[in-house]
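# Descriptive structure summary
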Amino acid sequence: MELTDRDRIMLEGAHGPAVAMAMRLVSGLGEAVGAHRLIDISAAHIDGALYVGRASLDFAAKMRDLGGRVAVRTTLNVSSLDLLHPELIRTDDETRTAARSTMQAYEDMGCTPTWTCAPYQLAERPQVGDRVAWAESNAVVFANSVLGAHTERFGDFIDIAAAVTGRVPEFGMYLSENRAGGVRYDVSAIPEEVRTTEHFFALLGLLIGADAGRSVPVITGIDQASEDQLKIMGAAAATSGAVALIHVVGVTPEAATLPTATGGADIRRRDVTMDALRQTRRRLATAAGRTRLRSVSVGTPHYSREQIVRLAELLDGRSIHESIRFYVNTGRDVLAACPDAQELTALGVIFVTDTCTYLTPILEVDDGVAMTDSAKWAYYAPGNIGVEAVFGSVYDCVESAVAGAVVHDDRSWT
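One structure accompanies this document, and this report is about it. (Residues numbered from 1 in each chain as written. Predicted model: local features only at pLDDT ≥ 70, side-chain atom pairs only at ≥ 80, totals over all residues. Heavy atoms only, no water.)

The next subject is the overall build of the protein. Scanning the protein from terminus to terminus reveals 16 helices and 14 strands. Radius of gyration (C-alpha) of the protein: 21 Å, near the 22 Å computed for a compact globule of 414 residues. Once the C-alpha set of the protein is aligned to its principal axes, its extents read approximately 65 × 55 × 35 Å. A burial count over the protein gives 57% of its 414 residues as buried. Of the contacts formed within the protein by residues at least 6 apart in sequence, a portion of 75% connects residues at least 24 apart. With an accessible surface of roughly 16500 Å², the protein has 48% of that area assigned to carbon and sulfur atoms. Positive and negative charge centroids in the protein, built from 38 and 53 side chains respectively, lie 3 Å apart. (Helix = DSSP H or I, 4+ residues; strand = E, 2+ residues; numbered from the N terminus. Rg over C-alpha atoms; globule rule 2.2 N^0.38 Å. Buried < 20%, exposed > 50% of the residue type's maximum accessible area, 1.4 Å probe, protein only. Contact = heavy atoms within 4.5 Å. Areas by Shrake-Rupley, 256 points an atom, 1.4 Å probe, with all protein chains shown as cover. Lys, Arg positive; Asp, Glu negative; His and termini not counted. Charge placed at Lys NZ, Arg CZ, Asp CG, Glu CD.)

Now for the environment of E152. Looking at where E152 falls in the secondary structure, it is placed in the loop between α5 (137-147) and α6 (158-165). A residue is classified by how much of its surface remains accessible, and E152, at 14% relative accessible area, is buried. Considered as a pair, E152 and W134 are 18 residues apart in the sequence and their alpha carbons are 7.1 Å apart. When near neighbours in sequence (up to four residues on either side) are disregarded, E152 contacts W134, V140, F171, G172, M173 and Y174. Only 2.9 Å separates the side chain of E152 from the backbone nitrogen of M173, close enough to count as a polar contact. (Polar contact = N/O pair within 3.5 Å; in protein donor to acceptor, adjacent residues only side chain to side chain.)

We now examine helix α9 (residues 227-240). The end-to-end C-alpha separation of α9 is 20 Å, in line with the 20 Å expected for 14 residues at 1.5 Å each. The element α9 is extensively covered by neighbouring structure, given that 13 of its 14 residues are classed as buried. (Expected span 1.5 Å × (residues − 1).)

Side chains that carry opposite charge are capable of pairing whenever their charged atoms lie near each other. In total, this model carries 26 salt bridges according to the counting rule given. Where R269 meets D271, a salt bridge forms, and the shortest distance between an N and an O atom there is 2.8 Å. Under the relative-accessibility criterion, D271 is labelled partly exposed at 46%. Within this structure, R6, D7, D40 and R167 form a network of salt bridges that share partners. (Salt bridge = Lys/Arg side-chain N within 4 Å of Asp/Glu carboxyl O.)

The N-to-C vectors of helix α2 (residues 17-33) and α6 enclose an angle of 120°; their axes lie 8 Å apart at closest approach. Here α2 and α6 pass one another in a crossing that is left-handed. Between α2, through A18, V19, A22, M23, L25, V26 and L29, and α6, the contact on the second element is made entirely by I158, A161, A162, V164 and T165. (Axes fitted to C-alpha atoms, helices over the stretch in contact; angles between N-to-C directions. Left-handed = near helix turned anticlockwise from the far one by under 90°.)

Turning our eyes to something else, we now look at the nonpolar core. Counting 110 residues, the largest nonpolar core has I160 and W377 as the members making the most contacts within it. Looking at which element gives the most residues to this core, the answer is helix α8 (residues 198-212), with nine residues. Of all hydrophobic cores here, the second largest spans 29 residues; its members include F326, V328, L344 and C397. (Core = buried A, V, L, I, M, F, W, Y, C linked by side-chain atoms within 4.5 Å.)

Taking 1.5 Å per residue as the helical rise, α2 with its 17 residues ought to reach 24 Å, and the 25 Å between its terminal C-alpha atoms agrees with that figure. Looking only at α2, the buried set comprises A18, V19, A20, M21, A22, M23, V26, S27 and G30. The secondary structure elements touched by the buried residues of α2 are α1 (5-11), β1 (38-40), α3 (54-65), α6 and β5 (167-169). At the C-terminal side of α2, G34 shows a positive phi close to 75°.

To continue, consider the sheet that holds strand β3 (residues 73-76). Strand pairing within a sheet occurs via backbone hydrogen bonds; the two strands may be parallel or antiparallel. With parallel pairing, three strands are arranged side by side in an open sheet as β3-β2-β4. In this open sheet, the two edge strands, each paired with only one partner strand, are β3 and β4 (132-134). Taken pair by pair, the neighbouring strands of this sheet meet at an average axis angle of 10°, ignoring direction. Judged from the three bridges that link them, strand β2 (residues 43-46) and β4 form a sheet pairing that is parallel. Note on β4: the bridge partner recorded for H45 is W134. Sheet strands in contact with α6 are β2, β3 and β4, and its direction is about 155° off that of β2. (Pairing = 2+ DSSP bridges.)

To continue, consider the packing of aromatic side chains. On inspection of all chains with the given rule, the structure shows eight aromatic pairs. Judged by centre distance (6.4 Å) and plane angle (45°), the ring pair of F154 and Y174 falls under tilted. Of this pair, F154 sits in the loop between α5 and α6 while Y174 sits in the loop between β5 and β6 (183-186); the two residues are 20 residues apart in sequence, bridging distant segments of the chain. The class for Y174 is buried, based on a relative accessible area of 3%. Here Y379 and Y380 contribute two aromatic rings whose centre-to-centre distance is 5.3 Å and whose plane-to-plane angle is 80°, an arrangement assigned as edge-to-face. When its relative accessible area of 43% is taken as the criterion, Y379 is described as partly exposed. Residue Y380 is classed as partly exposed on the basis of its relative accessible area, which comes to 29%. An aromatic cluster is present here, built from F154, F171 and Y174 joined pairwise through their rings. (Phe/Tyr/Trp six-rings, centres within 6.5 Å; stacked < 30°, edge-to-face > 60°.)

Turning our eyes to something else, we now look at the pairing of β3. Examined bridge by bridge, β2 and β3 share four bridges and lie parallel to one another. Considered in β3, the bridge of A44 is made with T74. You can see the chain leave β2, run along α3 and come back into β3, and the turn it takes is right-handed. (Right-handed = clockwise from strand over helix to strand, strands pointing away.)

Relative to the assigned elements, S393 resides in the loop between β14 (388-391) and α16 (394-403). A polar contact of 3.0 Å, which involves the side chain of S393, links it to the backbone nitrogen of D396. Apart from residues lying up to four places away in sequence, S393 is in contact with H199 and D373.

Purely geometric numbers; function is a separate question.
Following this line, the structure appears as structure tokens:
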């Protein structure tokens, strides 16, 4: 791999030991992926602030103590704590202290304490063609697909190394030839009343994520989609597979037409059917017929302001059942700007910020089940926190929370 004089100066330590350490990681990744050169980035989003063991803290503290400072605008993904609602986290003091120290190390390096998995919902976000280094998988899909920015899927530690150097290897989604669609999913056969729901986008994302492999999916048959619907689809696709970019023809910025999305190539086509979506939906249910509901969790990825407003509309002044704990995961910036938050809290809604309920010990795990409107949450929570999951629409989640028992409106699916 060819290094510039500036790269070599950083690598040799002229800008300090932290930059040299970070450059060793960045250039090593470049060699591993076969990149020909390094390129500049304008922003980064760090996943490594989530405490998952001693290595999380040791690495961040080492980089900080060596004098590490970010060279570009850098936001922070979810952590292992909720700093606004600390009483929600059920953990021991030692883990709590280590998690907070990890968060502080990244703040000390100049990262902005946004603590959200949805940095695209912040006031400042990348534009079409911007090169960034984002490490949260759902954010990567959103940046590439919806914003038209360019990023690869970066993991813990390499993300902060990119932020400290302002450099990344030029590979994968940074190269235009790798952004062309490779497999087409046509959803025209899905009834419109299904095709316009967030529930549909979640299941479609899971389906294409598991099926696409290394190909970039291209979706046809969707006339319009909101950012929240695209967010839900991208998060699900990044959960079940390695998807980093999805083209929705006529909707996303690099897919004005089918030939534009595919680069003019003739690609494999798969017609998505209701049966395929139903099968995907069944695979998400781990509760095995159990219906004793104890908790509901929505907002994975973090709910937007529009989704919280919609939640308030669906509740329509009704209180959450006394036996149910209803959690809404969202970013602290979104929560601060949401006029319905106080009203929802009075109805029994519990807001979770800075983290997510499928990652941290917040839910009380017992013989009941947990319901969610998130395909990502339903996919990961059973293994992460040991709960039995029930997947449903946000309408199902609200009606279940009010009733105190699992409610499914399956008319559009049957």
